[in-house]
Amino acid sequence: MRLVVLGGGESGVGTAILGKKKGYDVFVSDFGKIKEKYKEVLISNGIDFEDQQHTEDLILNADVVMKSPGIPEKVSIVKKLIEKGIPVISEIEFAAPFTEAVTIGITGSNGKTTVTMLTYHLLHSAGLNVGLGGNIGKSFAWQVADETFDSYVLELSSFQLDGIVDYKPHIAIITNISPDHLDRYDYKYENYIASKFRITMNQTEEDYLIYDADDEAISNWLKNNKTRAKLIPFSLTKTFSEGAFIKNNIMEVSINQEEFKMDTESIALEGKHNMKNAMAATSVAKLMQIRKATIRESLSNFQGVEHRLEKVLKIQNVQYINDSKATNVNATFFALDSMNAPTVWIVGGVDKGNDYNELMSLVREKVKAIICLGVDNKKIIDAFGNVVDMMVEVTNMNDAVRMAQRLTEKGDVVLLSPACASFDLFENYEDRGRQFKQSVQNL
């Protein structure tokens, strides 16, 4: 069996290693440059590869192709594979049959990393033999090749879900859905929504779907489509006999006739959206029969995710917050919504077709100054130019942070929450977040 892997990054190399171990004839092809650390792994494992090209003769003879999530289906080599009827699947689809482990799959436009990390923290703290992978950390396929976990918590992007055929998580979570990555879905929101719901398409009556019952796109899909999974909703406004909700500042999770209650004040994460994240993760912990005391302890000591509303430093009584992971408007909405002090907001980058109107009321209420950090800031200036007293454009992080310091008074907050991708001025959102933290530390 010939396995061709398109993309020589983390998921590609992990898939190649698993494929080789399972007896496939493996070839890795990357149109860009493969990083040295990955080349060394491929060479030491005796795996053939090429980079900066796709040699069709070596690709179109595949029995199966694993396509890395970053490669769009519009690419000519992928089109040719599909025309020839060669299966093109994702790493998750390829690796899942080779493990007996239970998987917990987490998707959504926002919050999925926090829910994934928190769920892993809850299960790991309870002593479960659990792995963490998917769109985060070490490749799932690589772990299936090298480790023996009983369960995995997997963050799944819509691109990873597009490449599944038979894969099903035992427990699926959809945190929320808002327009994102529409350039990959012919600018049709319904295509993107359908992509997220692939997470439940193979689930049976034995499986669970945990979802945000306050989310319009999710509710509409569930009204008009069927899943066989057992539904477990969570909400900030409704209550359920089976599900999770907040009532009088108490989080209640009721699953399989068992109740769990915890005062929201004791939960380490702050903000309404994080209460939802906590409900989703706690629902998994209850399904996995984690003890109540362990759940309470884990929820109260969870440190949060880097670059997601991460408190960096307080300088002269001004709090600096790194939310570089907010690469769309919906994520920034959550960030602004959880600010309780006058805010200097650093925003901008590569716009993915953003509609800033959703943020208008929050900006009026909370933002005293805006610092635009991007190559093209026209849309942001048009949207908020008349709403805030002060608007400044900068082209590097040091200037953004120094300018923010000048515009703040005691008790204010400086929030980096860009609502945009980072590729105009930074390598990725992590690079942007790290530069922000470094600049704050240099003040």
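Computed from a predicted model, the values in this text were never measured in an experiment.

Draft legend 1. Focus on the overall build of the protein chain. Secondary structure assignment for the protein chain yields 17 helices and 20 strands. On C-alpha atoms alone, the protein chain measures out to a radius of gyration of 22 Å, which is about the 22 Å that the 2.2 N^0.38 rule sets for 443 residues. Seen through its principal axes, the protein chain has C-alpha atoms that stretch 65 × 55 × 40 Å. For the protein chain, with 443 residues in total, the buried portion stands at 58%. Taking contacts inside the protein chain between residues at least 6 apart in sequence as the whole, the part at least 24 apart equals 65%. Accessible surface for the protein chain amounts to roughly 19300 Å². Of this, 46% is attributable to carbon and sulfur atoms. Averaging the locations of the 49 positively and 60 negatively charged side chains of the protein chain gives two centres separated by 2 Å.

Draft legend 2. Inspection of helix α17 (residues 429–441) at higher detail. With 13 residues, α17 should cover 18 Å at 1.5 Å per step; its first-to-last C-alpha distance of 18 Å lies within 8% of that length. Along α17, the residues that are buried comprise Asp-431, Arg-432, Gly-433, Phe-436, Lys-437, Ser-439 and Val-440. Next to the buried residues of α17 lie β15 (310–315), β16 (318–322), β17 (343–347), α16 (397–407) and β20 (413–416).

Draft legend 3. Structural detail: the environment of Ser-266. Mapped onto the secondary structure, Ser-266 falls in the loop between β14 (258–263) and α11 (272–287). In the structure, Ser-266 is positioned 33 residues away from Leu-299 in sequence and 7.8 Å away in space, judged by C-alpha atoms. In contact with Ser-266, not counting residues within four places along its chain, are Leu-299 and Ser-300.

Draft legend 4. Spotlight on the sheet that holds β17. Ordered in space as β15-β16-β20-β17-β18-β19, the six strands form an open sheet in which the pairing is mixed. The open sheet has two free edges, formed respectively by β15 and β19 (390–394), since each of these has just one partner strand. Averaged over all adjacent pairs, the angle separating strand axes in this sheet is 20°, with direction ignored. One ladder, built from five bridges, connects strand β18 (residues 367–373) with β19; its direction is parallel. If you follow Ile-371 over to β19, its bridge partner there is Val-392.

Draft legend 5. Representation of the packing of helix α6 (residues 112–125) against α11 in the model. Contact geometry of α6 with α11 gives a least axis separation of 9 Å together with a crossing angle of 40°. The angle between the axes of α6 and α11 places the two elements in the oblique class. As α6 packs across α11, the resulting crossing turns out to be right-handed. Across the interface between the two elements, Thr-114, Val-115, Leu-118, Thr-119, Leu-122 and Leu-123 of α6 pack against Asn-274, Asn-277, Ala-278, Ala-280, Ala-281, Thr-282, Val-284 and Ala-285 of α11.

Draft legend 6. Here's a closer look at the packing of aromatic side chains. In this structure the tally under the stated criterion is nine aromatic pairs. Measuring from ring centre to ring centre gives 3.8 Å for Phe-197 and Trp-221, while their planes differ by 5°; the resulting arrangement is stacked. Within this pair, whereas Phe-197 is found in helix α9 (residues 189–197), its partner Trp-221 is found in helix α10 (residues 216–224), the two being separated by 24 residues in sequence. Exposure remark for Trp-221: the relative accessible area of 16% places this residue in the buried category. Ring centres of Phe-333 and Phe-334 lie 6.5 Å apart, and the angle between their planes is 80°; this geometry places the pair in the edge-to-face category. For Phe-333, a relative accessible area of 28% puts it in the partly exposed group. Ring pairs connect the aromatic residues Tyr-24, Phe-94 and Phe-98, which therefore count as one cluster.

Draft legend 7. Molecular detail of the sheet that holds strand β3 (residues 48–51). Spatially, the five strands line up as an open sheet ordered β3-β2-β1-β4-β5, and their pairing is parallel. The strands lining the two open edges of the sheet, one partner per strand, are β3 and β5 (88–89). Against the sheet, helix α4 (residues 76–83) touches β1 (2–6), β4 (64–67) and β5, its axis set at about 150° to β1.

Draft legend 8. Expanded view of the pattern of salt bridges. Tallied over the entire structure, the rule returns 21 salt bridges. Linking Lys-311 and Glu-270 is a salt bridge whose minimum nitrogen-to-oxygen distance equals 3.1 Å. Highlighted residues: Lys-311 in strand β15 and Glu-270 in the loop between β14 and α11, separated in sequence by 41 residues. For Lys-311, a relative accessible area of 48% corresponds to the partly exposed category. The partner of Asp-337 in a salt bridge is Lys-272, and the shortest N-O contact between them spans 3.5 Å. Here Asp-337 is found in helix α13 (residues 329–337), whereas its partner Lys-272 is found in helix α11, with 65 residues between them in sequence. Each of Asp-212, Asp-214, Lys-238 and Lys-276 takes part in salt bridges that share partners, so that together they form one network.

Draft legend 9. Structural context of the pairing of β15. The sheet contact formed by β15 and β16 spans five bridges and is antiparallel. Of the residues in β16, the one forming a bridge with Glu-310 is Asn-322. Once β15 ends, the chain turns through two residues before running back antiparallel as β16, passing Gln-316 with a positive phi of about 50°.

Draft legend 10. Broad picture of the side chain of Ser-422. Within the fold, Ser-422 resides in the loop between β20 and α17. What makes Ser-422 buried here is its relative accessible area of 2%. A distance of 3.4 Å separates a polar atom in the side chain of Ser-422 from the backbone oxygen of Asn-428. Engagement of the side chain of Ser-422 in a polar contact is seen with the backbone nitrogen of Tyr-429, the distance being 3.2 Å. Excluding anything up to four places from it in sequence, Ser-422 contacts Glu-427, Asn-428, Tyr-429 and Arg-432.

Reading the values: rules and limits
Residues numbered from 1 in each chain as written. Predicted model: local features only at pLDDT ≥ 70, side-chain atom pairs only at ≥ 80, totals over all residues. Heavy atoms only, no water. Helix = DSSP H or I, 4+ residues; strand = E, 2+ residues; numbered from the N terminus. Rg over C-alpha atoms; globule rule 2.2 N^0.38 Å. Buried < 20%, exposed > 50% of the residue type's maximum accessible area, 1.4 Å probe, protein only. Contact = heavy atoms within 4.5 Å. Areas by Shrake-Rupley, 256 points an atom, 1.4 Å probe, with all protein chains shown as cover. Lys, Arg positive; Asp, Glu negative; His and termini not counted. Charge placed at Lys NZ, Arg CZ, Asp CG, Glu CD. Expected span 1.5 Å × (residues − 1). Pairing = 2+ DSSP bridges. Axes fitted to C-alpha atoms, helices over the stretch in contact; angles between N-to-C directions. Parallel < 35°, antiparallel > 145°, perpendicular 65-115°, else oblique. Left-handed = near helix turned anticlockwise from the far one by under 90°. Phe/Tyr/Trp six-rings, centres within 6.5 Å; stacked < 30°, edge-to-face > 60°. Salt bridge = Lys/Arg side-chain N within 4 Å of Asp/Glu carboxyl O. Polar contact = N/O pair within 3.5 Å; in protein donor to acceptor, adjacent residues only side chain to side chain.

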